[in-house]
Amino acid sequence: QVQLVESGGGSVQPGGSLRLSCAASGSIFSIKNMGWYRQAPGKQRELVATITSGSNTNYADSVKGRFTISRDNVKKTMYLQMNSLRPEDTAVYYCNADIVRRGIWQSYSYWGQGTQVTVSS
């Protein structure tokens, strides 16, 4: 079995910072693309940022210059450093990863349970 567990969410004032983490565990052979998504109340889930196994990154226009995605392949962990947070960044943040499990040898997409980020004064 494979699990993705997010942490680091919370409440912060506008202009503040948070760092999210997503740790993968289980019978993992390799992790390919990883990404952060978010879903605000009443809205569809949207892409925030993605990172390949070679650490090539892609960002939504709304977070460019403020958020930084990174990963530690040894620790099987992905991070999202969020700076200059705005009220419109308020959402549940989900991590996603394409993982090849040992013995399965095929890539499947996995999701974490989500972590709440609230930006409010």
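Being a predicted model, the structure only gives us computed values, none of them experimental.

A.B. asks: Looking at this model, I keep getting lost on unusual backbone geometry. Mind explaining?
C.D. replies: The backbone of Ser55 shows a phi angle near 70°, a positive value even though the residue is not glycine. Mapped onto the secondary structure, Ser55 falls in the loop between β5 (46-51) and β6 (57-59). We classify Ser55 as partly exposed; its relative accessible area is 41%. Here Ser84, not a glycine, exhibits a phi torsion of approximately 50°, which is positive. The topology assignment puts Ser84 in the loop between β8 (77-82) and β9 (91-101).

A.B. asks: Explain the pairing of β9 to me, please; I cannot follow it from the model alone.
C.D. replies: Look at any regular strand and the pattern is simple: side chains alternate between the two faces of the sheet. β9 sits mainly inside the fold: eight of its 11 residues count as buried. Judged from the nine bridges that link them, strand β4 (residues 28-39) and β9 form a sheet pairing that is antiparallel. Bridged to Met34 within β9 is Ala97. In terms of strand pairing, β9 meets strand β11 (residues 115-119) through three bridges, oriented antiparallel. Among the inter-strand pairings, Tyr93 is bridged to a residue of β11, identified as Thr115.

Basis of the calculations
- Residues numbered from 1 in each chain as written.
- Predicted model: local features only at pLDDT ≥ 70, side-chain atom pairs only at ≥ 80, totals over all residues.
- Heavy atoms only, no water.
- Helix = DSSP H or I, 4+ residues; strand = E, 2+ residues; numbered from the N terminus.
- Buried < 20%, exposed > 50% of the residue type's maximum accessible area, 1.4 Å probe, protein only.
- Pairing = 2+ DSSP bridges.

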